Amino acid sequence: MTSIDSIVIQKRPLPLPDGSSDPLFSRKFIKKTARGKVLKVHRERYLRDDIACGSKSCKECADIYQRHPHLPQPCLSAKGITNNTKVTAPHYLVLDTNIILHQMDLLESMLGQADSASSSSSTSSSSTALPSFVDVVILQTVVEEVRHRSLPLYNRLMDIVKDSEHAARMGRSDQTAENRRWWIYSNDFARESAVARRENESPNDRNDRAIRTAVKWYQGHSPLDVVLLSDDADNVARAQSDDIQAMNVRDYVAGMPAADKLSDLISSREAKSSTDKGSGILYPEHLPVGQATAAIKGGLLHQGYFNASAFNFLEATVKVPRYDKPVILIGRDSMNRAIDGDVVAIEMLPEQEWKASADDVLDADSALKNDDAEGEGEGEEDNEAVDDAEAKLDKKEKKEATSSRGERQPTGKVVSIIRRNWRSYVAHVDASSVHSSALGAQSLFATPVDRKVPRIRIRTRQASELIGQKILVALDDWRPTSRYPDGHFVRALGATESQAAEQESLLLEHDVPYRPFSRAILDCLPPEGDTWVVPPKDATHPSWRGRIDLRDENICSIDPPGCQDIDDALHAKQLPNGNVECGVHIADVSHFVAPATPMDAEAASRGTTVYLVDKRIDMLPHLLGTNLCSLRPFVERLAFSVIWEMDPKTAKVVDVRFSKSVIASKAAFTYEAAQLRKDDSSQTDAITTSIRLLNSIALKLKAQRMANGALNLASPEVRIHLDSPEAAGPIDVEQKEMRETNSLVEEFMLLANVTVAEKIYSAYPQTAVLRRHLPPPRTNFEGLQDVLKKRLGFDLNIDSSGALAKSLDTCTDPSNPALNTLVRIMATRCMLSAEYFCSGSVPRDTFGHYGLACGMYTHFTSPIRRYADVLAHRQLAAAIGHTGPGATLHASLADKGNVDGVLDVVNKRHRGGQMAGRASVEFFVGLSIAKRNEAAKQAAAAKGDSKAAAVVAGQDFRLREDAFVIRVFRNGVSVFVNKYGLEGLITLPAKSGVQCDLDSENYTVTIPKELSGLGKDVKLGVFDRCTVAIGVEKDRSTQRKRVRMELVL
Ligand SMILES: [Zn+2]
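Reading guide: rules and limits
Residues numbered from 1 in each chain as written. Predicted model: local features only at pLDDT ≥ 70, side-chain atom pairs only at ≥ 80, totals over all residues. Heavy atoms only, no water. Helix = DSSP H or I, 4+ residues; strand = E, 2+ residues; numbered from the N terminus. Buried < 20%, exposed > 50% of the residue type's maximum accessible area, 1.4 Å probe, protein only. Contact = heavy atoms within 4.5 Å. Areas by Shrake-Rupley, 256 points an atom, 1.4 Å probe, with all protein chains shown as cover. Donors = N, O, S within 2.8 Å, 3.2 Å for Na, K, Ca; no water. Polar contact = N/O pair within 3.5 Å; in protein donor to acceptor, adjacent residues only side chain to side chain. Salt bridge = Lys/Arg side-chain N within 4 Å of Asp/Glu carboxyl O. pLDDT = per-residue confidence, 0-100. Pairing = 2+ DSSP bridges. Core = buried A, V, L, I, M, F, W, Y, C linked by side-chain atoms within 4.5 Å. Axes fitted to C-alpha atoms, helices over the stretch in contact; angles between N-to-C directions. Nonpolar A, V, L, I, M, F, W, Y, C, P; charged D, E, K, R; others polar. Phe/Tyr/Trp six-rings, centres within 6.5 Å; stacked < 30°, edge-to-face > 60°. Lys, Arg positive; Asp, Glu negative; His and termini not counted. Expected span 1.5 Å × (residues − 1).

Q: Before we move on, can you summarise the overall build of the protein chain with the specific residues and values?
A: Assigned secondary structure in the protein chain consists of 30 helices and 40 strands. Buried residues in the protein chain amount to 50% of all 1049 residues. Residue pairs in contact within the protein chain that sit at least 24 positions apart in sequence constitute 67% of those at least 6 positions apart. With an accessible surface of roughly 48800 Å², the protein chain has 51% of that area assigned to carbon and sulfur atoms.

Here's what the structure looks like:
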């Protein structure tokens, strides 16, 4: 037997193309880490000469792919790009960094045309959407720069590259939607194209040179031409003087087959000119970020998120650490081109210039309706309406400053933008900004659905086609010379009001990922698919290893009607010693979702399943969610069980054990069915007994929780009945009903979550995945306390969650039962939202869950639809020494930085998902109201005689409902319609010489009869009830539909 003692690998740097040695080959330097540790770094770079060009027709590289079958296989088509009229020779494209950073929407677009030669052979390919940009080379230099500049763009880039790699590996045809043929060339590691930074050369210039060197190499090496696409005029010029074909994006797109449509997608940031200064400056210049951050550190400026007002387009707030109250920004100059969500640096105004928040509703749509989108750059035409609005505001500010009314707040102005947080915005084209006579490209306004975002000027050639459509728009730039930000059209979502367009737009608005699961993800599922079953019992089989057999226990599930993803089930039984055994069994999702697989990565980036009224966007593929991991009755399923021994008199836990298990649920109940079963004394079977045992303990658990100060909060939950998922109606809206059995399930899930939280925290004190709810700052309640005191004479005690709970219980009005719900909703809005966190990243004394009044909490019970639960499952399995798959904790879950990063995304997705769900409910409530109104009108018309038409015309068929006033303005009130959980703003028409009398101190507004439309003066205060007529109407210029309310008697 021979043994090898040691292997020595010796590598020597290869010389650079010009014969010099690579100065980057070996670099030693000292680096200080963020925590102050000093590291000696010795970095070596080895150049290789086996880096392939990616072209299918390249003979030189052919053997590289054979030698390295695990590396990406060539994907660039043999014939290259042949249909660009500006570049007649067949070619590949090489993209400069600026193209990826600024033109991603264009690059991702699907306006490509099937190749005529191959489409004649295949019959139906001409109808499928194809990528516009194919046969593209991405240089490693560019990948690194993009990764450094923008992680979201880097991810979008890598998605395309991965799809291309997958398609090449699977040998897909060149003419498919996912096959973009994008190839990464590691130019920095290739001997032929690596460049070292020269003395006195900026990193930027080095990168530009690296790109040109690589293109030059491709030109000599590749069988086809290459074209460098760049919007950096200098780089283009230098490339051309090096005999490289280089073009800017606009010129190149002009030669493409779909040039007209594609040019709409070009970001207006291309070829930014530095000569934008001079005349027509409308906004103060921004301080450079470096200067601003230094001033923030020095305490001269303050940093925070820019939060635009949804009521008043000329007002915003920024919460900064220095002040308890948010800093208010009033007027366009102060807001200085910041957009909702941006991180800004603000400068405070001197205290004598502090102002109060305006009491007016200022709607940008009507105030700005005469603006002209074509009014470009220098000396943009001043707009009377805006000036008027701003002048009024200014006058009012002055009045406000001198009058005692209205509480003055810290006031400031934006002086720098630290970080833009722009996303894509769903918008409508403002028809009034379209010049119908204009042919070719024109500028027009896109009005975002999000009221906090200003109108965006876009340039398009398809203006008339876009009217009446929902479109996706991206922001590019906001120059100081321009009244409005500039953006570009991304794509049309469909006709406004069409259910598909509405649904997609609310997913986009709330950043909910909804692409179908890719092949690579679906490949992670068990190959048996639907036919997968728990294998016969065998302690050595991976599916059985380390599991207990609970198939004989009387386990059942209790869920809302129509529930398909059953992730929890329960059981209880009397023990011989007089105690009770209770078990919670949760779908063992982590058995199927292994860490660091494509499916795991996708679930992590989705974070949660999102429930819309008529659709569910799954976190995990359907097969798992509604089948293999759904604890359906009468089938064996893998579960993760928490089993307690409890004292039935006190509901105290005597003992607890955790184990993975195999269960076979004996029944799936709805809340209602379980309740009936429990209440029917003639039933005495084991399942019913089990439900009764669980219920009696749940009642005690709940009583204890309430005694500890848990809050019973309310949110306007309405249930929408759909006739069929496809049809938009008829539909009905009702408030959700709570039964005892809802509570039963809830109590045991809470108990399981608390128990698991304690277990994983004791095992992994630094990286346990937990959930907390911070107590709200007292100042959050000041407004609500004041209005409750003044309007209802009620004292809200917020000393602790227990005091608040008690206090909310007593805030009732027997003649007005809905009032209590409203007050709870308003109290809930004063609170912070709960969040996931990594136990090692926050102080121990901030772990608590305020709403649930418990010291430690996590999410364990819904791993099918929440990713945090999957992580908790993995940690629990490792903590209890599970012996089957997943026994050892994946390294990523023992790394604090990694857990923090994953939970950041999950938290964001969780919020987005909830908001999307609510927006979906709102949309359907609106539909339902419109339908009812229409039906009432039809019914009246049908009944009518010859005068019917006249009667119908004169009559108001809008739905009338009871509402509460929840806020008063100088020119309107906002109201809450309890029945629909619907909030609405009633604005009053402006009439010269007539004004409402607002008493902001006492939260009332007196509306003179000239404005009320009711033939008398009306005084309304917060919490007053009123009747509103609810209609749904369309804004004439944007086609935007909205619920409109009006006061009626
Ligand atoms: Zn090659």
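Q: An account of the coordination of the zinc ion is requested, with residue identities and associated values reported.
A: Ligation of the zinc ion by protein atoms is provided by C53 (SG), C58 (SG), C61 (SG) and H221 (NE2), these donors lying 2.0 to 2.3 Å from the ion. Read from N- to C-terminus, the donor residues coordinating the zinc ion fall into the pattern C-x4-C-x2-C-x159-H. Taken as a pair, C61 in the loop between β2 (38-44) and α1 (62-67) and H221 in helix α7 (residues 203-221) lie far apart in primary sequence, 160 residues in all. Side by side, C61 and H221 carry an identical accessibility label, which is buried.

Q: Describe in detail the side chain of S109, supporting the description with residues and values.
A: Within the fold, S109 resides in the loop between α3 (104-108) and α4 (116-119). At a separation of 2.7 Å, a polar atom in the side chain of S109 contacts the side chain of S132. In this view, S109 contacts L130, P131, S132, R180, L262 and L265; residues no more than four positions away in its chain are not counted.

Q: Could you give an account of the environment of T767, naming the residues involved and the relevant values?
A: Its location among the elements puts T767 in the loop between α23 (740-763) and β31 (769-772). A C-alpha to C-alpha distance of 9.0 Å links T767 and F837, two positions 70 residues apart in sequence. If we ignore the near neighbours within four places in the chain, the residues touching T767 are C838, S839, G840, Q875, L893, A894, D895, K896 and V899.

Q: Explain the pattern of salt bridges to me, using residue names and the numbers behind them.
A: The full count for this structure, using the stated rule, is 46 salt bridges. Among the ionic pairs, R67 bridges to D63, the shortest N-O distance being 3.3 Å. Of this pair, R67 and D63 both sit in helix α1, separated by four residues, roughly a single helical turn. Its relative accessible area of 49% is what places R67 among the partly exposed residues. With a closest N to O distance of 2.7 Å, R606 and E602 form a salt bridge.

Q: Could you give me a rundown of the environment of R479, with the residues and numbers involved?
A: Within the fold, R479 resides in the loop between β18 (469-477) and β19 (486-495). In terms of polar contacts, R479 uses its side chain to reach the side chain of D486, at 2.8 Å.

Q: Run through the confidence of the model for the protein chain, naming residues and quoting values.
A: Chain-level pLDDT for the protein chain is 84 on average; 84% of the residues reach the 70-or-more range. Considering only residues more than four positions removed or in separate chains, one finds that residues 724-731, a stretch of pLDDT under 50, has 16 contacts.

Q: Could you give an account of the pairing of strand β4 (residues 136-139), with specific residues and numbers?
A: Judged by which residues are buried, β4 turns out to be covered on both faces: V136 and I138 on one side and V137 and L139 on the other are all buried. Alignment of strand β3 (residues 91-95) against β4, held across two bridges, turns out to be parallel. The partner of V94 across the bridge, within β4, is V137. As judged from the four bridges shared by β4 and strand β5 (residues 182-185), these two strands associate in the parallel manner.

Q: Got a sec to walk through the nonpolar core? Specific residues and values, please.
A: Residues F133, I138 and W182 are the most contacted members of the largest nonpolar core, which totals 82 residues. Examining the composition of this core, we find that seven residues originate from one element, helix α6 (residues 151-169), more than from any other. Here F133 is in contact with L93, L106, L107, R180, W182, L229, Y252, V253 and M256, once residues within four sequence places are set aside. If you look at the next biggest cluster of nonpolar residues, it comprises 44 residues, including L693, V756, L770 and F860.

Q: Break down the sheet that holds strand β36 (residues 997-999) for me, with residues and values.
A: An order of β36-β37-β38 is seen for the three strands of this open sheet, with the pairing classed as antiparallel. With partners counted over all chains shown, the strands left at the sheet margins are β36 and β38 (1018-1021), one partner each. Here the average twist between neighbouring strands, direction ignored, is 15 degrees. Summarising the sheet, strand β37 (residues 1004-1007) and β38 pair through four bridges and their orientation is antiparallel.

Q: Please set out the pairing of strand β17 (residues 456-460) residue by residue, giving values where relevant.
A: Within β17, four of the five residues are buried, which leaves the element mostly enclosed by the surrounding structure. Sheet topology places β17 next to β19; two bridges connect them, and they run parallel. Bridge assignment links I458 to a residue of β19, and that residue is G487.

Q: Outline the sheet that holds strand β11 (residues 343-348), supporting the account with residue identities and numerical values.
A: Across the sheet, five strands lie side by side as β10-β9-β8-β11-β14; this open sheet has antiparallel pairing. Each edge of the sheet is formed by a strand with only one pairing partner; in this case those strands are β10 (327-330) and β14 (412-419). Strand-to-strand twist across the sheet, computed as the mean angle between neighbouring axes with direction ignored, equals 40 degrees. Strand direction decides the pairing type here: strand β8 (residues 302-308) and strand β9 (residues 315-318), joined by three bridges, are antiparallel. Paired with A308 across the bridge in β9 is A316. Contacts from helix α11 (residues 289-297) reach β8, β11 and β14 within the one sheet, and its direction differs from that of β14 by about 120 degrees.

Q: I'd like to hear about unusual backbone geometry, residue by residue, with values.
A: Located in the positive-phi region is A651, a residue other than glycine, with phi close to 60 degrees. Non-glycine residue F1023 carries a positive phi angle of around 80 degrees. Here F1023 is to be found in the loop between β38 and β39 (1025-1034).

Q: Report on the packing of helix α5 (residues 140-149) against α7, specifying residues and quantitative values.
A: Where α5 contacts α7, the axes come no closer than 9 Å and their chain directions differ by 145 degrees. Contacts between α5 and α7 involve T141, V142 and E145 on the former and, on the latter, N204, R206, N207, A210 and I211. Along the lines of polarity and charge, the residues of the contact of α5 with α7 split into three nonpolar, three polar and two charged.

Q: Tell me about the environment of P516, residues and numbers included.
A: With respect to the helices and strands, P516 occurs in the loop between α16 (499-509) and α17 (519-522). Relative accessible area serves as the criterion here: at 72%, P516 is assigned to the exposed category. For P516 and D618, which are 102 residues apart along the polypeptide, the C-alpha to C-alpha distance reads 9.6 Å.

Q: How would you summarise the packing of aromatic side chains if you had to cite specific residues and measurements?
A: Applying the stated criterion to the full structure yields 14 aromatic pairs. Ring centres of Y65 and W183 lie 6.2 Å apart, and the angle between their planes is 85 degrees; this geometry places the pair in the edge-to-face category. Here Y65 is found in helix α1, whereas its partner W183 is found in strand β5, with 118 residues between them in sequence. Considered together, Y65 and W183 belong to a single accessibility category, that of buried residues. Note on W644 and F748: the rings are 6.3 Å apart at their centroids and 50 degrees apart in plane angle, and the pair reads as tilted. Highlighted residues: W644 in strand β26 (residues 636-646) and F748 in helix α23, separated in sequence by 104 residues. F748 carries the same exposure label as W644, and that label is buried. Through a chain of ring-to-ring contacts, the aromatic side chains of Y185, W217 and Y218 assemble into a single cluster.

Q: Report on the side chain of D340, specifying residues and quantitative values.
A: Tracing the sequence through the fold places D340 in the loop between α12 (332-335) and β11. Buried and without a salt bridge, D340 has K452 as its closest oppositely charged side chain, separated by 4.0 Å. Within the local environment of D340, its side chain forms a polar contact with the backbone nitrogen of A308, the two atoms lying 2.8 Å apart. Setting aside residues up to four positions removed in sequence, D340 forms contacts with F306, N307, A308 and K452.

Q: Quick rundown of α23? Include the residues and the values.
A: Here α23 contains 24 residues, and its C-alpha end-to-end distance of 35 Å stays within 8% of the 34 Å for a straight helix at 1.5 Å per residue. Counting buried positions along α23 yields 17 of 24 residues, so the element is predominantly enclosed.

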